[in-house]
Amino acid sequence: MSASPVITVPRPVLAIQQRLEAAGFETWCVGGAVRDALLEIPQSDVDLATAATPVQVRDLFARTVPVGIAHGTVGVLDPEGVLHEVTTFRRDVTTDGRHAVVEFGVSLDDDLARRDFTINAIAWHPGRREFRDPFNGRADLEAGIVRAVGDPDARFAEDRLRILRAFRFAARFEFEIESATWEAAVRQAPDTMYLSAERVREEWWKGISRACDGLLLARLWEESGVAKVWLPADHTTICHHLDREPLAALASWRQPVEPILRRLKCSAVEIARGRAIDRGPAGPSDVTLLAARRWLAGVEPFANDLLRIHEMRTGVPAPWMAPVVATRLYGHPLHRSDLAVTGSDLIALGLPPGPAIGTMLDALLAHVIDDPDANDRHLLLDRAREALPE
Ligand code: ATP
Ligand code: MG
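Keep in mind the model is a prediction, meaning the values are calculated, not measured.

Enquirer: Is there a simple way to think about the site of ligand 1 in this case?
Expert: Of all residues adjacent to ligand 1, which total 14 residues, the nearest are R35, D159, R162, R168 and R210. In this structure, a nitrogen atom belonging to ligand 1 sits 3.2 Å away from a main-chain N or O atom of D116. In the environment of ligand 1, an oxygen atom lies 2.8 Å from a nitrogen or oxygen atom belonging to the side chain of R210. Considering ligand 1 on its own, with 590 Å² of exposed area, one finds that the protein chains cover 80% of that surface. Broken down by secondary-structure element, the contributors of at least two residues to the shell around ligand 1 are α2 (32-38) and α7 (161-173).

Printed below as a string of structure tokens:
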């Protein structure tokens, strides 16, 4: 972080900010973009916080979208049609730990006070080139600390998702969680059970896919007790590293993964993928082309998941990587559809339509998996003919 940083605000956002100010509404850049700019990492979209009410924002701009009116957020479309979020200064009045009811007509400082962490509660005024940082977020950014705004127990009780957000920011920036914030997170970890599966899933997905250190994220979920609530496991593996691919990262760490994906209400496709990963086998029986073919025939299209999981667990590429890559390069037959004969060919030979066809194709496939050179139409038809009942 430089000594007197200045935040560069993209032109379209600046135009919106200036328009609001010209109409008499104090308007500041807030949230993740200010934090990321101070960290000198590529910025996400800049959010604006304003004294204007949602109605006033809508009146000021030609093209707006009511993205979250109840929370005071209006989307303003710039001339290119890109949406920028403008949110009215607000304060949370009631909350049940999941949903907030907000009040408008409050100050910037009130708005900053309802934000989760000090590093996320810094505002920047592009016109005045001035920061508003009532909780010393810049000092925490400098020191690498995730600290709740105000009393951590109260803030986590208001919204338990903040516990998971703390872990996400810590892993993303390799920051420490300040001790009172961490202790409150541990105390309230069991209460994360009241969160919706969708919000928790999104936090794991976002958290791991953006983590600088995936293992740190896993450790925070585990040591806080949140993993016990949300990621039930029979076994855990101490991994060497965790990739940013959420499902494979989860599967390499906690087994079986399918029940976790069900708990997180993942899609049917993801659950099926998890089941295939659980089933394995994790790799071929030995490091030969023959074993690689047999393994690939059984586990595709999930072989890449299994290869990646092996590497996350051990820290080195699977020893069978080379024969697997070679098998793919050679394009050796692994599936029924790769066979040089089809079911119709077998019917033409006189095999009765029905299950016998599938059985014969599988027998031929097993044969060509063992001997790829045997995947020749004439050879296979001869072989099928020999096997035909007299
Ligand atoms: P990211 O880069 O992941 O988008 P972000 O800090 O921008 O990080 P958002 O979820 O986009 O996170 O939220 C924008 C801002 O809104 C945050 O910086 C924070 O000030 C505030 N905020 C978001 N979620 C919460 C929450 N659950 N409780 C309190 N404040 C929150
Ligand atoms: Mg954001």
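Enquirer: Explain the pairing of strand β2 (residues 47-50) to me, please; I cannot follow it from the model alone.
Expert: Side chains on a regular strand alternate between the two faces of the sheet. Sheet topology note: the strand β1 (residues 27-30)/β2 ladder contains four bridges and is antiparallel. Of the residues in β2, the one forming a bridge with V30 is D47. Where β2 meets strand β5 (residues 83-88), three bridges bridge the pair, whose relative direction is parallel. Directly across from T50, in β5, lies its bridge partner T88.

Enquirer: Help me understand the environment of E103, please; the structure alone is not making it clear to me.
Expert: Counting through the fold element by element, E103 comes out in strand β7 (residues 100-103). Judged by its relative accessible area of 30%, E103 is partly exposed. Sequence separation of E103 and A70 is 33 residues, and the distance between their C-alpha atoms is 9.7 Å. Not counting residues up to four positions away in its chain, the partners in contact with E103 are F89, R90, R91 and V93.

Enquirer: Sorry, what's going on with the side chain of R35 here?
Expert: Locating R35 in the fold gives a position in helix α2. Given a relative accessible area of 4%, R35 falls into the buried group. Once residues lying within four places of it in the same chain are set aside, the contact partners of R35 are I119, N120, L141, F169, R172 and F173.

Enquirer: Sorry, what's going on with the side chain of T88 here?
Expert: As for its position among the elements, T88 is in strand β5. You can call T88 buried: its relative accessible area is 1%. A polar side-chain atom of T88 sits 2.8 Å from the main-chain carbonyl oxygen of A52. Setting aside chain neighbours within four positions, we find T88 in contact with T50, A51, A52, T53, P54, G72, F104 and D111.

Enquirer: What am I meant to see in a nonpolar patch on the surface here?
Expert: Where nonpolar side chains cluster on the molecular surface, the patch consists of L289, V325, L329 and Y330 and spans about 410 Å² of accessible area. The greatest single-element share of the nonpolar patch, amounting to three residues, is contributed by helix α17 (residues 321-330). As for its position among the elements, V325 is in helix α17.

Enquirer: Where do I start with the nonpolar core in this structure?
Expert: Soluble, globular proteins show a tendency: their nonpolar side chains are buried together. Residues F167, W221, W230 and W253 are the most contacted members of the largest nonpolar core, which totals 87 residues. Broken down by element, the residue count for this core peaks at nine residues, all from α7. One finds L351, L364, V368 and L381 within the second-largest nonpolar core, a separate group that totals 16 residues.

Enquirer: Got a minute to help me understand the pairing of strand β4 (residues 73-77) in this structure?
Expert: With respect to burial, β4 is a largely interior element, four of its five residues being buried. In terms of strand pairing, strand β3 (residues 64-68) meets β4 through three bridges, oriented antiparallel. Across the sheet, the residue bridging to G68 is T73, located in β4. Following β3, the chain reverses through four residues before pairing antiparallel with β4; G72 in that reversal takes a positive phi of roughly 85°. Two elements, β4 and β5, share five bridges in a ladder whose sense is antiparallel. Note that in β5 the partner of G75 across the bridge is E85.

Enquirer: Help me out: how do you make sense of the packing of aromatic side chains in this one?
Expert: Given two aromatic rings, one states the distance between the centres and the angle between the planes to describe the pair. Applying the stated criterion across every chain yields a total of eight aromatic pairs. Where W124 meets F131, the ring centres are 4.7 Å apart and the plane angle is 50°; that geometry is what we call tilted. Side by side, W124 and F131 carry an identical accessibility label, which is buried. One aromatic cluster is present, formed by F117, F156, F169, F173 and F175 through successive ring pairs. Against the face of F169 rests R168, its NZ or CZ located 5.0 Å from the ring centre. Taking NZ or CZ as reference, R254 lies 4.9 Å from the ring centre of W253, over its face.

Enquirer: Would you mind showing me how to read the packing of helix α19 (residues 355-370) against helix α20 (residues 377-387) here?
Expert: The packing of two helices is summarised by the inter-axis angle and the distance between the axes. The geometry of α19 relative to α20 is characterised by a closest axis approach of 11 Å and an angle of 130° between their N-to-C directions. One element, α19, and the other, α20, form an angle in the oblique class. Crossing geometry of α19 relative to α20 is assigned as right-handed. The segment α19 lies against α20, with M360, L364, H367 and V368 engaging L380, R383, A384 and A387. Split by residue class, the contact of α19 with α20 holds six nonpolar, one polar and one charged.

Definitions and cut-offs
- What you see as residue numbers is a count from 1 along each chain, following the sequence as written.
- For this description, chains carry letters from A and ligands carry numbers from 1, given in the order in which they are written.
- In keeping with the model being predicted, local features are shown solely for residues with a pLDDT of at least 70 and side-chain atom pairs are shown and tallied solely at 80 or more, while totals for entire chains, interfaces and linings include all residues.
- Note that the side-chain values use all heavy atoms of the structure and ignore hydrogens as well as water.
- Whether a residue is near a molecule or strand is decided by its heavy atoms; if any one of them lies within 4 Å of it, the residue is near.
- Any pair of nitrogen or oxygen atoms within 3.5 Å is treated as a polar contact; in protein, a donor-acceptor pairing is required on top of that, and neighbouring residues in sequence qualify only through side-chain atoms on both sides.
- Every accessible area reported is derived by Shrake-Rupley at a probe size of 1.4 Å, with residue values counting cover from the shown protein chains alone.
- The secondary structure listing takes helices from DSSP runs of H or I that are at least 4 residues long and strands from runs of E that are at least 2 residues long, numbered from the N terminus.
- In this analysis, strands are considered paired if DSSP registers two or more bridges between them.
- When a residue's accessible area, from a 1.4 Å probe over protein chains only, is under 20% of the maximum for its type it is buried; when over 50% it is exposed; and in between it is partly exposed.
- What makes two residues a contact is simply this: any of their non-hydrogen atoms within 4.5 Å.
- Candidate patch residues must exceed 30% relative accessible area and have no salt bridge, after which like charges are joined if within 9 Å and Val, Leu, Ile, Met, Phe, Trp or Tyr side chains if within 5 Å.
- Whenever Lys or Arg places a side-chain nitrogen within 4 Å of a carboxyl oxygen from Asp or Glu, that contact is recorded as a salt bridge.
- We define the nonpolar core as a collection of buried residues of types Ala, Val, Leu, Ile, Met, Phe, Trp, Tyr and Cys that are connected through side-chain atoms lying within 4.5 Å of one another.
- Each Phe, Tyr or Trp ring (for Trp, its six-membered ring) is paired with any other whose centre lies within 6.5 Å, and the angle between the two planes then decides the class: stacked below 30 degrees, edge-to-face above 60, tilted in between.
- Two limits define a charge over a ring: the Lys NZ or Arg CZ must be within 6 Å of the ring centre, and within 35 degrees of the ring normal.
- Fitting a line to C-alpha atoms yields each axis, with helices limited to the stretch in contact; the angle taken between N-to-C directions then spans 0 to 180 degrees.
- Note that the term roughly parallel is reserved for angles under 35 degrees, roughly antiparallel for angles over 145, roughly perpendicular for angles of 65 to 115, and oblique for everything else.
- Crossing handedness is defined as follows: a turn of the near helix away from the far one that is anticlockwise and smaller than a right angle gives a left-handed crossing, while the clockwise case is right-handed.
- The nonpolar class holds Ala, Val, Leu, Ile, Met, Phe, Trp, Tyr, Cys and Pro. Asp, Glu, Lys and Arg form the charged class, and all remaining residues, Gly among them, are polar.

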